[in-house]
Amino acid sequence: MKKTVKAAVALLIAGVVLALAGFAMAGFDFGNLNTGGALVERTFESESDVTKVFVAEQGANVEIVPSADGRARVTCAENEAFCYDITEEDGVLRVEKRDLRGGTLGMYFGFWQEGTLTVEVPSETLLDVETDSGDIRMTGGTEGLTYSIASLRSDNGDVYVENVRAGEGESLETSDAIGDVQPGDITVEAGSGNISVEGAQVVGLSAMTANGAVALRDIRAEGIFATARNGAIRMEGITTGSL
């Protein structure tokens, strides 16, 4: 017991020392803890038709919304600490966040600003979105966001899906599957976060979280799989069978 107490005290002291070191690096000014500089908004618009979108985020929230004119767009916020690599080639749009802090001691202190990453996607799009610690929100309008296949993953954030439906997927083959996720399916995963899916018409729906709750409402699908290891699962207005 004494060894455990001593170890806990040692860890506490180490934490205090690191915190003081970070405060000293900021010149003992709380205002300087807001590091990375001001966020600058940037918008990228696709030059041609996009059928596949891949997003790799780190800490910012991600919003997926339908495009009003069939063009894919990305709106992001960048500063001296973070930027985005955005590329378009052969109908594939890739968005990847890049950490510019260099792995120095300073990256563990201060308040690093995070903007919201917004991606406007055309109909019938394959979506593969992942983030380390931000939320993912995928929403459609009154007609719903039409996609061909969608895989959404957040390690430490919530995932919300609202008013979406599966498209015909005519431009996609079985080989376009994302792992086990087939065209017409949507898979939502959260390591430590809640999952909410409402107003969806899909071929197959899979919702999985390790530490959080799953809420499914007004869903029409041929098949539904939901699991929450340490949380509740609530379903309402579920219809299964052929679409």
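All values reported here derive from a predicted model rather than from experimental measurement. (Residues numbered from 1 in each chain as written. Predicted model: local features only at pLDDT ≥ 70, side-chain atom pairs only at ≥ 80, totals over all residues. Heavy atoms only, no water.)

**Considering the overall build of the chain**
Here is step 1 of the chain: Tallying secondary structure elements over the chain gives one helix and 15 strands in all.
Here is step 2 of the chain: Here the chain, with 243 residues, has 40% of them falling under the buried criterion.
Here is step 3 of the chain: As displayed, the chain offers around 12,800 Å² of accessible surface, 49% of which is attributable to carbon and sulfur atoms. (Helix = DSSP H or I, 4+ residues; strand = E, 2+ residues; numbered from the N terminus. Buried < 20%, exposed > 50% of the residue type's maximum accessible area, 1.4 Å probe, protein only. Areas by Shrake-Rupley, 256 points an atom, 1.4 Å probe, with all protein chains shown as cover.)

**Here we look at the pairing of strand E12 (residues 185-190)**
Here is step 1 of the chain: Where burial is concerned, most of E12 is hidden: five out of the six residues are buried.
Here is step 2 of the chain: Pairing geometry for strand E10 (residues 145-154) and E12, over five bridges, is parallel. Its bridge partner being in E12, Ser154 is matched across the sheet by Ala190.
Here is step 3 of the chain: Relative to strand E13 (residues 195-209), E12 runs parallel, the two being bridged by six bridges. Along E13, the bridge assignment pairs Thr187 with Ser206. (Pairing = 2+ DSSP bridges.)

**Quick look at the confidence of the model for the chain**
Here is step 1 of the chain: Per-residue confidence for the chain gives a mean pLDDT of 82; residues scoring 70 or more make up 75%.
Here is step 2 of the chain: The low-confidence segment residues 5-10, where pLDDT is below 50, has zero contacts with residues more than four positions distant or belonging to other chains.
Here is step 3 of the chain: Here residues 14-32 is modelled with pLDDT under 50, and outside its nearest four sequence neighbours on either side it reaches 13 contacts, counting other chains as well. (pLDDT = per-residue confidence, 0-100. Contact = heavy atoms within 4.5 Å.)

**A word on the environment of Ala60**
Here is step 1 of the chain: By the element assignment, Ala60 lies in the loop between strand E2 (52-56) and strand E3 (61-66).
Here is step 2 of the chain: Through-space distance from the C-alpha of Ala60 to that of Thr116 is 5.6 Å; in sequence the pair is 56 residues apart.
Here is step 3 of the chain: In this view, Ala60 contacts Tyr84, Lys97, Glu114, Gly115, Thr131, Gly134 and Asp135; residues no more than four positions away in its chain are not counted.

**Notes on the environment of Ala213**
Here is step 1 of the chain: If you trace the backbone, Ala213 turns up in the loop between E13 and strand E14 (214-228).
Here is step 2 of the chain: Spatially, the C-alpha atoms of Ala213 and Ile195 are 6.3 Å apart, while their sequence positions differ by 18 residues.
Here is step 3 of the chain: Setting aside its immediate chain neighbours within four residues, Ala213 contacts Gly193, Asn194, Ile195 and Ala232.

**Concerning the pattern of salt bridges**
Here is step 1 of the chain: Overall, the coordinates contain 10 salt bridges when judged by the stated rule.
Here is step 2 of the chain: Between Arg42 and Glu78 there is a salt bridge, and its shortest N-O distance comes to 2.9 Å. One end of the pair, Arg42, is in strand E1 (residues 40-45); the other, Glu78, is in strand E4 (residues 73-78), with 36 residues separating them in the sequence.
Here is step 3 of the chain: A salt bridge links Glu130 to Arg153, with the nearest nitrogen and oxygen atoms 3.3 Å apart. Taken together, the residues Glu130 in strand E8 (residues 125-131) and Arg153 in strand E10 connect sequence positions 23 residues apart.
Here is step 4 of the chain: Classification of Glu130 as partly exposed rests on a relative accessible area of 36%.
Here is step 5 of the chain: Sharing partners across several salt bridges, the network here consists of Glu45, Asp69, Arg73 and Glu120. (Salt bridge = Lys/Arg side-chain N within 4 Å of Asp/Glu carboxyl O.)

**Considering the side chain of Arg73**
Here is step 1 of the chain: Here Arg73 shows up in strand E4.
Here is step 2 of the chain: For Arg73, a relative accessible area of 16% gives the class buried.
Here is step 3 of the chain: A polar side-chain atom of Arg73 sits 2.5 Å from a polar atom in the side chain of Asp69.
Here is step 4 of the chain: Residues in contact with Arg73, not counting those within four places in the same chain, are Phe44, Glu45, Ser67, Thr118, Val119 and Glu120. (Polar contact = N/O pair within 3.5 Å; in protein donor to acceptor, adjacent residues only side chain to side chain.)

**Some details on the nonpolar core**
Here is step 1 of the chain: If you look at the biggest cluster of nonpolar residues, it comprises 43 residues, and the most contacted ones within it are Ile64, Leu117, Met138, Tyr147, Val161 and Ile186.
Here is step 2 of the chain: The residues contacting Ile186, other than those within four sequence positions of it, are Met138, Tyr147, Ala150, Val161, Val202, Gly204, Leu205 and Ser206. (Core = buried A, V, L, I, M, F, W, Y, C linked by side-chain atoms within 4.5 Å.)

**Description of the environment of Arg101**
Here is step 1 of the chain: For Arg101, the location among the structural elements is in the loop between strand E6 (92-99) and strand E7 (116-121).
Here is step 2 of the chain: Look at Arg101 and you get buried, because its relative accessible area is 19%.
Here is step 3 of the chain: Linking Arg101 and Ala81, residues 20 residues apart in sequence, is a C-alpha distance of 5.3 Å.

**Overview of the packing of aromatic side chains**
Here is step 1 of the chain: In this structure the tally under the stated criterion is zero aromatic pairs.
Here is step 2 of the chain: Between Arg94 and the ring centre of Phe54, over which it is positioned, the NZ or CZ distance is 4.6 Å.
Here is step 3 of the chain: The lysine or arginine in question, Lys97, covers the ring of Phe82, its NZ or CZ lying 4.6 Å from the ring centre. (Phe/Tyr/Trp six-rings, centres within 6.5 Å; stacked < 30°, edge-to-face > 60°. Lys NZ or Arg CZ within 6 Å of the ring centre and 35° of its normal.)

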